[in-house]
Amino acid sequence: RGYFELQDGQSPASEMTENLSEKVREDFLKFAQPLLGAEKRSLVVNLDWKNPYYTANARYSEKALIITIWGGFLRAPGMNPSIMAMALCHELGHLVGGEPKQTNESGENVTVEGQSDFFAAKNCLVDFYDKHSEYIPKISNDVHSFCQGSSQCEQSLESGVQTFLYLQKWSFSA
């Protein structure tokens, strides 16, 4: 199985436009900078819209914490602002999410996947939605019932379900 690719301009495209992804990016950068705490480096979010590959990553540089989301991920059918926000929070979690840590392929010491998910759902996403309610996904009846009236639970869980279904559908091709 190989990684899914979506060439620039290839149909079908998601509801996410380049302009909308830039808006989410700008809103996220303004929101996330205070989460860096004592970190001296700035946060950079690159959207590589024309890159066909379906992925996102986080890395450190000397001067910045860098999140990159590639075009295939942004343009695949089903992408929406809440999934993009979840991905940004998850990638930020790799950089500032705390212990436990792992050494990635570049030799950097980053937060492990599970802790990055926890940081995204508990610390980042709900606070981002507090400031940018326009990105809150429509809550399904199942999620509403499960969360028993907790809006934070509903927002995190619905975003997680949508992201999981999106990743499940497009992560690999036969």
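We now turn to the structure provided with this report.

Conventions we followed
- Residues numbered from 1 in each chain as written.
- Predicted model: local features only at pLDDT ≥ 70, side-chain atom pairs only at ≥ 80, totals over all residues.
- Heavy atoms only, no water.
- Salt bridge = Lys/Arg side-chain N within 4 Å of Asp/Glu carboxyl O.
- Helix = DSSP H or I, 4+ residues; strand = E, 2+ residues; numbered from the N terminus.
- Axes fitted to C-alpha atoms, helices over the stretch in contact; angles between N-to-C directions.
- Parallel < 35°, antiparallel > 145°, perpendicular 65-115°, else oblique.
- Left-handed = near helix turned anticlockwise from the far one by under 90°.
- Contact = heavy atoms within 4.5 Å.
- Buried < 20%, exposed > 50% of the residue type's maximum accessible area, 1.4 Å probe, protein only.
- Pairing = 2+ DSSP bridges.
- Core = buried A, V, L, I, M, F, W, Y, C linked by side-chain atoms within 4.5 Å.
- Phe/Tyr/Trp six-rings, centres within 6.5 Å; stacked < 30°, edge-to-face > 60°.

**Quick notes on the pattern of salt bridges**
Alright, step 1. Inspection of the entire model under this criterion finds five salt bridges.
Alright, step 2. Residue Arg 25 pairs with Glu 22 through a salt bridge whose shortest N-O separation is 3.7 Å. Separated by three residues within a single helix, Arg 25 and Glu 22 lie in helix α1 (residues 18-32), roughly one turn from each other.
Alright, step 3. A salt bridge links Glu 26 to Arg 25; the nearest nitrogen and oxygen atoms lie 2.1 Å apart.

**Considering the packing of α1 against helix α3 (residues 81-96)**
Alright, step 1. At a closest axis distance of 10 Å, the pairing of α1 and α3 adopts a crossing angle of 40 degrees. Put simply, α1 runs oblique to α3. Here α1 and α3 pass one another in a crossing that is right-handed. Contact residues: Leu 20, Ser 21, Val 24, Arg 25, Phe 28 and Ala 32 in α1; Pro 81, Met 84, Leu 88, Cys 89 and Leu 92 in α3.

**Re the pairing of strand β3 (residues 56-60)**
Alright, step 1. Residues Ala 56, Ala 58 and Tyr 60 of β3 are buried on one face, while the alternating residues Asn 57 and Arg 59, pointing to the opposite face, are not.
Alright, step 2. Sheet topology note: the β3/strand β4 (residues 64-70) ladder contains five bridges and is antiparallel. Within β4, the residue paired with Arg 59 across the bridge is Ile 66.
Alright, step 3. Adjacent in sequence and paired antiparallel, β3 and β4 are bridged by three residues.

**Section: the environment of Val 110**
Alright, step 1. In this fold, Val 110 is placed in strand β6 (residues 109-111).
Alright, step 2. For Val 110, a relative accessible area of 4% puts it in the buried group.
Alright, step 3. With 17 residues separating them along the chain, Val 110 and Gly 93 place their C-alpha atoms 8.7 Å apart.

**Comments concerning the nonpolar core**
Here is a general trend for soluble globular proteins: nonpolar side chains tend to be buried in one another's company.
Alright, step 1. Grouped together as the largest cluster of nonpolar side chains are 40 residues, with contacts concentrated most on Phe 28, Leu 43, Ile 67, Ile 69, Met 84, Leu 88 and Leu 92.
Alright, step 2. At the level of secondary structure, the elements contributing two or more residues to this core comprise α1, β2 (42-48), β3, β4, α2 (71-75), α3 and α4 (113-131).

**Quick notes on the packing of aromatic side chains**
Alright, step 1. The full count for this structure, using the stated rule, is nine aromatic pairs.
Alright, step 2. The interplanar angle of 65 degrees and the centroid separation of 5.3 Å between the aromatic rings of Phe 31 and Phe 128 together place this pair among those described as edge-to-face. On the criterion of sequence distance, the pair formed by Phe 31 in helix α1 and Phe 128 in helix α4 is long-range, its members being 97 residues apart.
Alright, step 3. In this structure Phe 31 comes out as buried when scored by relative accessible area, which is 8%.

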